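# Coordinate inspection notes
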Amino acid sequence: MTLIWLYETTARDDADDVAIRQCTGEGYNHPSGPGFFEPRIEGDVAGIAVQRSVFSNQRFGGGEIGYSTIRFKNPDGGLDAWLDLGFGRDATLKLGEADGLYGDFTTVISARATQITPGTETYAIGWESRMRELDEPASPATFAGTNSGTTGLEGTADDIKGQRKPRASGRLINIRPVLLNSSTRIFGWNYDKDGNRAATHSIDKVRFRGAEWTLDGSAAGSTGGDFPDAATLAAYNPIQGYYVTCKAESLIKLGGSNNLSGGPVTIDVTIEPTFIERYAPMLLKAWIEDAGGTVNEDDFTAIASPFPFEAGYYVTGDETFRDVCDRLAASVMTVYLPDRLGVYRAYRLAAPSGTPVAEFQRFGLFSAAAQDDEDLIRCEPIETGWVPAKEVRVRYAPNWTPLQESDVADAVSLADREFLTTQYRTTDPVVSAAVAAKYGNAEVREFDTLLLSETDAEVIRDELLAFFGAMRREYQVTVSFGPGVAALVDIGAVIRLTQPLQGMANGKLAVVYGDRVRANTRTAELRVLV
């Protein structure tokens, strides 16, 4: 049996897509395949490594993934036409039998091809992580500025033309909608990626200068004050102090004729109709998918199981998808990144505990390995400057439009005034007296979240103290393992390391937060936290 590698991507000339198909061996042109693969791949493709890492600078959120480059032989100049092509599209590397069916080849890497780098006799093409798609603006659409008097909901050249259209998710407190037409006094706050008005499940409060206005529930042509579309909403005129809605298009219309520029209009809204859709892990999943990513749904469901916590995010400017996703992930101590097949995975990063998925032991150092132990080849400490936390607070229930005292109407109560002028609520601290007594440099730490509930924030607070309230050390370890173990040792997995040095004589549990795995070998470098 002869194994070969197939590399496949698409580039583009000035008008058309061009298939790029290359392989090792003597060429591949099986009838089941998409076409002929030229035998130009150079060197040991099995040595191509995929490197992933999360928890950079002790922060939850998105990780990084990188790849070795792949080289193609070009002594005859046969690939010179590539220089005029545009790369940057999906690419795959597959492994299979030289005379096998194309459908039987196993995809080893799926990512994006970078631009080519020409050499004297070889061309190199790198790989680009799918995380790149998260670096795009979360709200790419802008207002056209095409209003004409009472017609239009796109603003004018003098107000919101060119401004990014806002996008809303989850449950949100005191967001500031955009005045779409000053003549009709209509505001909006939720658009899809293409700039179309999207729905809102409920509009919970409407305020002007902090004072609540009243829904005109008896408005003719409405259902309890809610109109089916923008046109019927615009045709109705509520009186001063009242408003009507169009939840299907995320619009409200304020009654009366007072000067709305005299203070901010703010609203509380709930976007998705079910609780589970508003859980922080499920919002994270939805934003990744909206950016174009493919996700492992089980991962996000697994994190939502212990953390069924409502959250929300309001995009109003140049935030990227990654900005949004990082805030949501950090709210529930989650890290995420694509795997080598380009599927987004999510992991709850917690203190190592429980039953390890694999055991690694240093062979030949004063003790015999158990039958199923894998080889711990090297274990090197990493300098991180970790300092334990003795006290943790968590901020929650973000107020998306903190008001100045001068912006709040006189009639607003003291309690509401305090709420409206404060950006976050903060949990009571949780304190470890033992950590404070043991470590003279122990820290007090505060964490921002997008969670809505104090009870939920307190759960995360306690989890954060359990994680950061210990002296944790980081190591880079080189290990050897078979395919069965390799499938288990993933980001977030708990393993056991045993060696006579560095306090690991009796074994030490560690959580994996980084790996570097070659395409077809039994060894890997892992970054672990103990």
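Above this text you will find the structure in question.
Nothing here was measured: the structure is a model prediction, and the numbers come from that model.

Conventions we followed
- Residues numbered from 1 in each chain as written.
- Predicted model: local features only at pLDDT ≥ 70, side-chain atom pairs only at ≥ 80, totals over all residues.
- Heavy atoms only, no water.
- Helix = DSSP H or I, 4+ residues; strand = E, 2+ residues; numbered from the N terminus.
- Buried < 20%, exposed > 50% of the residue type's maximum accessible area, 1.4 Å probe, protein only.
- Areas by Shrake-Rupley, 256 points an atom, 1.4 Å probe, with all protein chains shown as cover.
- Salt bridge = Lys/Arg side-chain N within 4 Å of Asp/Glu carboxyl O.
- Patch = residues over 30% accessible without salt bridge, like charges linked within 9 Å, V, L, I, M, F, W, Y side chains within 5 Å.
- Lys, Arg positive; Asp, Glu negative; His and termini not counted.
- Charge placed at Lys NZ, Arg CZ, Asp CG, Glu CD.
- Pairing = 2+ DSSP bridges.
- Contact = heavy atoms within 4.5 Å.
- Axes fitted to C-alpha atoms, helices over the stretch in contact; angles between N-to-C directions.
- Core = buried A, V, L, I, M, F, W, Y, C linked by side-chain atoms within 4.5 Å.
- Phe/Tyr/Trp six-rings, centres within 6.5 Å; stacked < 30°, edge-to-face > 60°.
- Expected span 1.5 Å × (residues − 1).
- Parallel < 35°, antiparallel > 145°, perpendicular 65-115°, else oblique.
- Left-handed = near helix turned anticlockwise from the far one by under 90°.

## Focus on the overall build of the chain
Regarding its fold elements, the chain presents nine helices and 32 strands. Taking the principal axes of the C-alpha coordinates as reference, the chain spans close to 80 × 70 × 35 Å. In the chain, which comprises 530 residues, the proportion classed as buried is 51%. Total accessible area on the chain is roughly 23500 Å²; 46% of this is exposed by carbon and sulfur atoms.

## So, the pattern of salt bridges
Scanning the model with the defined rule gives 32 salt bridges in all. In this structure, Lys285 engages Glu289 in a salt bridge whose closest nitrogen and oxygen atoms are separated by 3.2 Å. Pair noted here: Lys285 and Glu289 are both in helix 3 (residues 280-290), with a separation of four residues, about one helical turn. We note a salt bridge from Asp326 to Arg322, for which the minimum N-O separation is 3.7 Å. Of this pair, Asp326 and Arg322 both sit in helix 5 (residues 321-330), four residues apart, which is roughly one turn of the helix. The class for Asp326 is partly exposed, based on a relative accessible area of 24%. Each member of the salt-bridge network shares a partner with another, and the members are Arg52, Asp299, Arg345, Asp490 and Asp515.

## Examining unusual backbone geometry
Phi at Asn57 is positive, roughly 55 degrees, even though this residue is not glycine. Summarising the element assignment, Asn57 is placed in the loop between strand 3 (49-53) and strand 4 (61-62). Positive phi is not limited to glycine here, since Gln58 has a value of about 60 degrees. With respect to the element layout, Gln58 can be found in the loop between strand 3 and strand 4.

## Some thoughts on a negative patch on the surface
A cluster of like negative charges, contributed by Asp13, Asp14, Asp16 and Asp84, occupies part of the molecular surface. When its relative accessible area of 33% is taken as the criterion, Asp13 is described as partly exposed.

## Some words on the sheet that holds strand 15 (residues 214-215)
Strand order across the open sheet formed by five strands is 11-12-17-16-15, with mixed pairing between neighbours. Either end of the sheet is taken by a strand with one partner, and the two such strands are strand 11 (178-181) and strand 15. As judged from the two bridges shared by strand 15 and strand 16 (residues 242-246), these two strands associate in the parallel manner. In the sheet register, Thr214 faces strand 16, and the bridge partner there is Tyr242.

## Structural notes on the sheet that holds strand 18 (residues 265-270)
The sheet built from five strands is open, its strands ordered 14-13-18-10-20 with antiparallel pairing. Whereas interior strands pair on both sides, the edge strands pair on one side only; in this sheet they are strand 14 (211-212) and strand 20 (312-315). In this fold helix 3 packs onto strand 10 (167-175) and strand 20, with an angle of close to 125 degrees to the strand it touches most, strand 10.

## Some thoughts on the nonpolar core
Counting 59 residues, the largest nonpolar core has Phe55, Phe60, Tyr336, Leu464, Phe467 and Phe468 as the members making the most contacts within it. When residues no more than four places from it in sequence are discounted, the contact partners of Leu464 are Phe60, Met333, Val392, Val394, Phe447 and Gly469. Judged by nonpolar contacts, the second largest core, of 27 residues, contains Val50, Phe72, Leu85 and Ala113.

## Details of the packing of aromatic side chains
Going through the model one piece at a time under the given rule, you end up with 24 aromatic pairs. Pairing Trp82 with Tyr123 gives two aromatic rings, centres 6.4 Å apart and planes at 45 degrees, and the pair type is tilted. One end of the pair, Trp82, is in the loop between strand 6 (70-73) and strand 7 (90-97); the other, Tyr123, is in strand 9 (residues 122-128), with 41 residues separating them in the sequence. Accessibility classification places Trp82 together with Tyr123 in one group, the buried group. Considering the side-chain rings of Phe143 and Tyr191, the 5.6 Å spacing of their centres and the 90 degrees angle between planes classify their relative orientation as edge-to-face. Taken together, the positions of Phe143 in the loop between strand 9 and strand 10 and Tyr191 in the loop between strand 12 (186-188) and strand 13 (202-208) put the pair 48 residues apart, joining distant regions of the chain. Under the relative-accessibility criterion, Tyr191 is labelled buried at 2%. Chaining the aromatic ring pairs together yields one cluster made of Tyr7, Tyr67, Phe72, Trp82, Phe87, Tyr123 and Trp127.

## What about the pairing of strand 6?
The two faces of the sheet receive side chains in turn, since in a regular strand these alternate between them. Where burial is concerned, the two faces of strand 6 differ: the one with Ile70 and Phe72 is buried and the one with Arg71 and Lys73 is not. As paired strands, strand 6 and strand 9 are joined by four bridges and run antiparallel to one another. Within strand 9, the position partnered with Arg71 by the bridge is Ala124.

## Topic: helix 8 (residues 454-468)
Helix length check: helix 8 (15 residues) gives 20 Å between terminal C-alpha atoms against 21 Å at 1.5 Å per residue, within 8%. Buried within helix 8 we find Asp456, Ala457, Ile460, Arg461, Leu464, Leu465, Phe467 and Phe468. Looking at the buried positions of helix 8, the neighbouring elements they touch are strand 25 (389-396), strand 27 (430-431), strand 28 (443-448) and strand 32 (523-529).

## Quick look at the packing of helix 3 against helix 5
Interaxial distance between helix 3 and helix 5 falls to 9 Å at its minimum, and their mutual angle equals 165 degrees. When the interaxial angle is binned, helix 3 and helix 5 end up roughly antiparallel. In this structure, the crossing between helix 3 and helix 5 has a hand that is left-handed. Residue-level inspection shows Ala280, Leu283, Leu284, Trp287, Ile288 and Asp290 of helix 3 in contact with helix 5, the latter providing Phe321, Val324, Cys325, Leu328 and Ala329.

## Details of the packing of helix 3 against helix 4 (residues 297-304)
What describes two packed helices is the angle between their axes and the distance between those same axes. Orientation of helix 3 relative to helix 4, taken along the N-to-C sense of each, is 155 degrees, at an axis distance of 8 Å. For the element pair helix 3 / helix 4, the angle class is roughly antiparallel. Contact residues: Pro281, Met282, Leu284, Lys285, Ile288 and Glu289 in helix 3; Glu297, Phe300, Thr301, Ile303 and Ala304 in helix 4.

## Details of the side chain of Asp490
Here Asp490 is to be found in the loop between helix 9 (483-486) and strand 30 (494-498). Ignoring anything within four residues of it in the chain, the contact list for Asp490 reads Arg52, Arg345, Tyr347 and Val512.

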